[in-house]
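# Secondary and tertiary structure notes
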Amino acid sequence: MAFEHIELHIGPTFARLTLNRPDRRNALSLALMREMLDALDEIAGSPTPVAVIEGNGPAFSAGHDLAEITATRDEAFYEELFSACVELMTRLHTIPQPVIAKVHGVATAAGCQLVAACDLAIAADDARFATPGVNIGLFCSTPMVPVSRTIPRKRVLEMLFTGDMIEAATAADWGLVNRVVPLAELEDAVVELARRIARASAPVLALGKRAFYEQEGTDERAAYGLACAVVVENALIDDAHEGMRAFLEKRKPQWPT
């Protein structure tokens, strides 16, 4: 599939989805988000075990394209735009592959939302994060959803109410990203993490990711009910038996699927 606003490369170890509007700081226009949804569908249907999302140019993503939003006051367009954003962020949780955000430069508003919605995130030491909508009269309501499920309440409310930037080290301390590395080491760190994840069985990764998001937010009893059903499903597949036999035989597993 040909894309105008993104680039997609699907390799044997991981897929790389690159936001490619560098002149607009990779702003999430409606067209770009639709392309991302198509790309995620391609990734989901492929055998690659991991996905990486990155931005081309000086920024990861500065959020929604304000020029697009201010060009109209059409309610139907706004509903289409923000619904596409919600669909994109939730699709990140429903594709079978773990998704890693590779973050440099700024990740603000819906760009910060994108980082929070990814399963994992590694940031360069130059990265900065914010939900600054309050400062331009458009509260970051949809970014609030995954960010508030990623970092503690008082910290996310400080971000939402002030719109202030936080540095990469603070984002790591608060749990918005997994870790911070020097910019020159960002690519190697992301590839190394992708490769470590890709050592596992792809069907087992997919099953575990699905189980995590299904149980998240439920009470303990419901979570255990979901987890018990999933572990039974898991125990029945060939990959589980190969993995356990390999452990007992002190060898690397040879995944059958």
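Residues numbered from 1 in each chain as written. Predicted model: local features only at pLDDT ≥ 70, side-chain atom pairs only at ≥ 80, totals over all residues. Heavy atoms only, no water.

## Re the sheet that holds strand β4 (residues 99–103)
One open sheet accounts for six strands, arranged β1-β2-β3-β4-β6-β9; its pairing is mixed. One side of each edge strand has no neighbouring strand; the edge strands of this open sheet are β1 (6–10) and β9 (179–181). This sheet shows a mean twist of 20° between the axes of neighbouring strands, independent of strand direction. In the sheet, β4 pairs with strand β6 (residues 120–124) via four bridges, with the strands oriented parallel. Its bridge partner lying in β6, lysine 102 is registered against isoleucine 122. (Pairing = 2+ DSSP bridges. Helix = DSSP H or I, 4+ residues; strand = E, 2+ residues; numbered from the N terminus. Axes fitted to C-alpha atoms, helices over the stretch in contact; angles between N-to-C directions.)

## Let's talk about the nonpolar core
Counting residues in each nonpolar core, the largest one holds 53 residues, and the members touching the most others are Leu17, Met36, Ile53, Leu92, Val103 and Phe129. No other element matches the eight residues that helix α1 (residues 30–44) contributes to this core. With near-sequence residues (within four places) excluded, isoleucine 53 lies in contact with Leu17, Met36, Phe60, Leu92, Val99, Ile100, Ala101, Lys102, Leu114 and Cys118. (Core = buried A, V, L, I, M, F, W, Y, C linked by side-chain atoms within 4.5 Å. Buried < 20%, exposed > 50% of the residue type's maximum accessible area, 1.4 Å probe, protein only. Contact = heavy atoms within 4.5 Å.)

## Focus on unusual backbone geometry
With a phi angle near 55°, asparagine 26 is a residue other than glycine that sits in the positive phi range. Tracing the backbone through its elements, the reader meets asparagine 26 in the loop between β2 (15–19) and α1. Given the relative accessible area of 0%, asparagine 26 is considered buried.

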